[in-house]
Amino acid sequence: MDAAPDDTAAFDRLLADRQHEQYVLTLFVSGMSPRSTAALRSLKALCEEFLKGRYTLEVIDIYERPDVVATHSIIASPTLLRLQPLPVRRLIGDLTDRAIVMRTLELN
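In what follows, the accompanying structure is described. (Residues numbered from 1 in each chain as written. Predicted model: local features only at pLDDT ≥ 70, side-chain atom pairs only at ≥ 80, totals over all residues. Heavy atoms only, no water.)

### Section: the overall build of the chain
And step 1. Helix and strand content of the chain: 4 helices and 4 strands.
And step 2. Secondary structure elements of the chain, listed N to C terminal, follow the sequence α-β-α-β-α-β-β-α.
And step 3. Counting every position in the chain, which comprises 108 residues, the buried fraction comes to 35%.
And step 4. Excluding contacts between residues fewer than 6 apart, the proportion of contacts in the chain whose partners are at least 24 apart in sequence is 66%.
And step 5. In the form shown here, the chain has an accessible surface area of approximately 6800 Å², with 56% of it arising from carbon and sulfur atoms. (Helix = DSSP H or I, 4+ residues; strand = E, 2+ residues; numbered from the N terminus. Buried < 20%, exposed > 50% of the residue type's maximum accessible area, 1.4 Å probe, protein only. Contact = heavy atoms within 4.5 Å. Areas by Shrake-Rupley, 256 points an atom, 1.4 Å probe, with all protein chains shown as cover.)

Given below as structure tokens:
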């Protein structure tokens, strides 16, 4: 069954809007450990490749900002939160697997 022209146009508008969405990301790390550094480097590379000019990334050291950690119920690091676009997404652990990070950020 073919989609009605209005349905196709609405879908096309949704896709176009999605390509202009702003992403608000927060990465929780534990100091500048090798794991934290690798997570940050990997995330920045992915964002620059797929979200250039459309993202903000805040990096929070869990040791320096326990108040923010409690607010977001962070239990491990590294933890990535995608706060925008909604719904909020959370990825805990290794951020070097691009496929998993892209799926979490809904970039694929």
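From this point, things continue past the structure.
### Concerning the nonpolar core
And step 1. The biggest cluster of nonpolar side chains holds 18 residues, and the ones touching the most others in it are Leu27, Leu43, Leu80, Leu95, Val101, Leu105 and Leu107.
And step 2. For this core, the secondary-structure elements that each account for two or more residues are strand E1 (23-29), helix H2 (34-50) and helix H4 (98-105).
And step 3. Examining the composition of this core, we find that 5 residues originate from one element, H2, more than from any other.
And step 4. Phe28, Ile60, Val68 and Val69 belong to the second largest nonpolar core, which has 6 residues in total. (Core = buried A, V, L, I, M, F, W, Y, C linked by side-chain atoms within 4.5 Å.)

### Topic: H2
And step 1. An ideal rise of 1.5 Å per residue puts 24 Å on 17 residues; H2 measures up with 24 Å between its terminal C-alpha atoms.
And step 2. Residues of H2 that are buried include every one of Ser36, Ala39, Leu40, Ser42, Leu43, Leu46 and Cys47, and no others.
And step 3. Next to the buried residues of H2 lie E1, strand E2 (55-61), strand E3 (79-84) and H4. (Expected span 1.5 Å × (residues − 1).)

### Quick notes on unusual backbone geometry
And step 1. For the bond running from Gln84 to Pro85, omega is -5°, close enough to zero to count as cis.
And step 2. Tracing the backbone through its elements, the reader meets Pro85 in the loop between E3 and strand E4 (89-92).
And step 3. Here the bond from Leu86 into Pro87 is cis, since omega is 0°, no more than 30 degrees from zero.
And step 4. Assignment of secondary structure puts Pro87 in the loop between E3 and E4.
And step 5. Here the phi dihedral of Ser73 falls at roughly 55°; this positive angle occurs in a residue that is not glycine.

### A closer look at the pairing of E4
And step 1. Inspection of the sheet shows E3 paired to E4 by 4 bridges, in the antiparallel sense. Counterpart to Leu81 in the pairing with E4 is Arg90.
And step 2. Linking two consecutive strands that pair antiparallel, namely E3 and E4, is a turn of 4 residues. (Pairing = 2+ DSSP bridges.)

### Some remarks on the sheet that holds E3
And step 1. The strand order across the open sheet formed by 4 strands is E2-E1-E3-E4, and the pairing between neighbours is mixed. A single partner strand is all that each edge strand has here, and the edge strands are E2 and E4. Taken pair by pair, the neighbouring strands of this sheet meet at an average axis angle of 15°, ignoring direction.
And step 2. Against the sheet, H2 makes contact with E1, E2 and E3, and its axis sits at roughly 175° relative to E2, the strand it touches most. (Axes fitted to C-alpha atoms, helices over the stretch in contact; angles between N-to-C directions.)

### Notes on the environment of Arg41
And step 1. In this fold, Arg41 is placed in helix H2.
And step 2. By relative accessible area, Arg41 is classed as exposed at 56%.
And step 3. Spatially, the C-alpha atoms of Arg41 and Thr96 are 8.7 Å apart, while their sequence positions differ by 55 residues.

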